[in-house]
Amino acid sequence: MFVDTHCHLYSEYYDDLERIKNNAFANGITKVINNGCDQKSNTEVLKLIRENDYMYGAIGIHPENVHEYTQADLDFVEQNLTKAKVVAIGEIGLDYHYEKTSKEEQKKLFEYQLALAEKYHMPVVIHSREATQDTIDILKKYQLKGVIHSFSGSLEVAKIYIKMGYLLGVNGVITFKNSNIKDVYKEIPLENIILETDSPYLMPHPYRGEKNEPKYIKNIAEFVANLKGISLEELAKITNQNIAKLFKM
Ligand code: NI
């Protein structure tokens with residue numbers, strides 16, 4: 001019924017993926033998009049999506065790995081983009097929170113992967129932290145579709161991304177007591193939203209701080225349905241239509 005459009009299910013975080021899958025199914029989450037971030041996780045994602053029907057993959061080099069990646073890692077991403085069940089390039093983007101001194105290197109890495117997305121007609125999964133203006137300026141140079149993962153900006157910025165054709169990924173942050181992002185999402189049409197957990201991070205309230213997993217899409221969905229005054233069924237229908245327009249899965 002629901003899809004977790006953004007999670008990180010690999011050995012760096014989990015040694016019990018069978019249990020994670022069963023928990024997801026038991027809570028009505030029937031598909032997930034597993035996002036790689038570096039050579040190791042991209043390799044694992046490719047293996048896991050072959051072995052698990054419910055799992056799809058996004059592969060890419062995350063900006064936090066700007067100092068570690070090699071050209072061979074980017075070539076590996078390119079070589080595997082056309083493999084079955086690889087649905088996007090991600091997680092890619094700009095992070096000026098953890099990586100303040102490498103802005104130019106990050107932009108170079110980001111643009112290299114956006115060019116790949118354009119070349120192979122793939123959607124992109126975008127990570128943007130404290131880098132909104134640069135993200136917008138760079139994305140405007142490319143003709144792409146994608147999702148702004150973990151979007152938590154202003155309504156004004158949301159409207160810019162929507163106008164550019166991007167979807168916004170909403171996750172457990174919307175449930176946090178100290179977050180005002182629900183006020184923004186209240187104003188954003190459902191046609192522009194998809195649901196994600198970002199597991200193992202961003203566990204929803206009231207479990208905040210624990211390790212997240214795809215089954216908690218249910219908690220996020222309940223929160224969003226309540227915020228929008230619609231049923232879970234209606235939310236599933238609309239968000240699944242949004243996903244179908246963006247990802248081949
Ligand atoms: Ni992520």
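All of the points below concern the structure found in this document. Residue numbering note: each chain is counted from 1, following its sequence as written. Selection of residues for local features in this predicted model requires a pLDDT of at least 70, selection of side-chain atom pairs for listing and counting requires 80 or more, and totals for whole chains, interfaces and linings are taken over all residues. To get the side-chain values, all heavy atoms of the structure are used, and hydrogens and water are removed first.

Among the residues making up helix H3 (residues 71-80), those that are buried are Asp73, Leu74, Phe76, Val77, Glu78 and Asn80. Note on contacts: a residue pair is in contact if any heavy atoms of the two residues lie within 4.5 Å. In DSSP terms, a helix is any run of H or I states spanning at least four residues, a strand is any run of E spanning at least two, and both are numbered starting from the N terminus. Packed against the buried residues of H3 are helix H2 (39-51), strand S3 (55-59), strand S4 (86-95) and helix H4 (103-120). Only protein chains enter the area calculation, which uses a 1.4 Å probe; residues under 20% of their type maximum are buried, those over 50% are exposed, and those in between are partly exposed.

What follows is about the pattern of salt bridges. We define a salt bridge as a side-chain nitrogen of Lys or Arg found within 4 Å of a carboxyl oxygen belonging to Asp or Glu. Scanning the model with the defined rule gives eight salt bridges in all. One salt bridge in this structure joins arginine 19 and aspartate 16, with 2.7 Å as the shortest N-O distance. Under the relative-accessibility criterion, aspartate 16 is labelled partly exposed at 22%. A salt bridge links glutamate 111 to lysine 141; its shortest N-O distance comes to 2.9 Å. You can see glutamate 111 sitting in helix H4 and its partner lysine 141 sitting in the loop between helix H5 (132-139) and strand S6 (146-148), a full 30 residues away along the chain. Overlapping salt bridges bring together Glu104, Lys107 and Asp134 as one network.

A few words now on the packing of aromatic side chains. For this analysis, a ring pair means two rings from Phe, Tyr or Trp (six-membered ring only for Trp) whose centres lie within 6.5 Å, classed as stacked if their planes differ by under 30 degrees, edge-to-face if by over 60, and tilted for the remaining angles. Scanning all chains against the criterion turns up six aromatic pairs. Ring centres 5.6 Å apart and planes at 75° place the aromatic pair tyrosine 13 and tyrosine 201 in the edge-to-face group. Note that tyrosine 13 is positioned in the loop between strand S1 (2-7) and helix H1 (17-26) and tyrosine 201 in the loop between strand S8 (193-195) and helix H8 (217-228), a separation of 188 residues in sequence. Using a relative accessible area of 40% as the deciding quantity, one classes tyrosine 201 as partly exposed. Between tyrosine 207 and tyrosine 216, the ring centres sit 5.4 Å apart and the planes meet at 50°, which makes this aromatic pair tilted. For tyrosine 207, a relative accessible area of 32% translates into the label partly exposed. Cluster of aromatic residues (ring-pair linked, three or more members): Tyr10, Tyr13 and Tyr201. Only lysine NZ and arginine CZ atoms are considered, and such an atom sits over a ring when it is within 6 Å of the ring centre and within 35 degrees of the ring normal. Geometry around tyrosine 96 places lysine 103 over its ring, the cationic atom sitting 4.6 Å from the centre. Stacked on the ring of phenylalanine 176, the Lys or Arg arginine 208 has its end atom at 3.6 Å from the ring centre.

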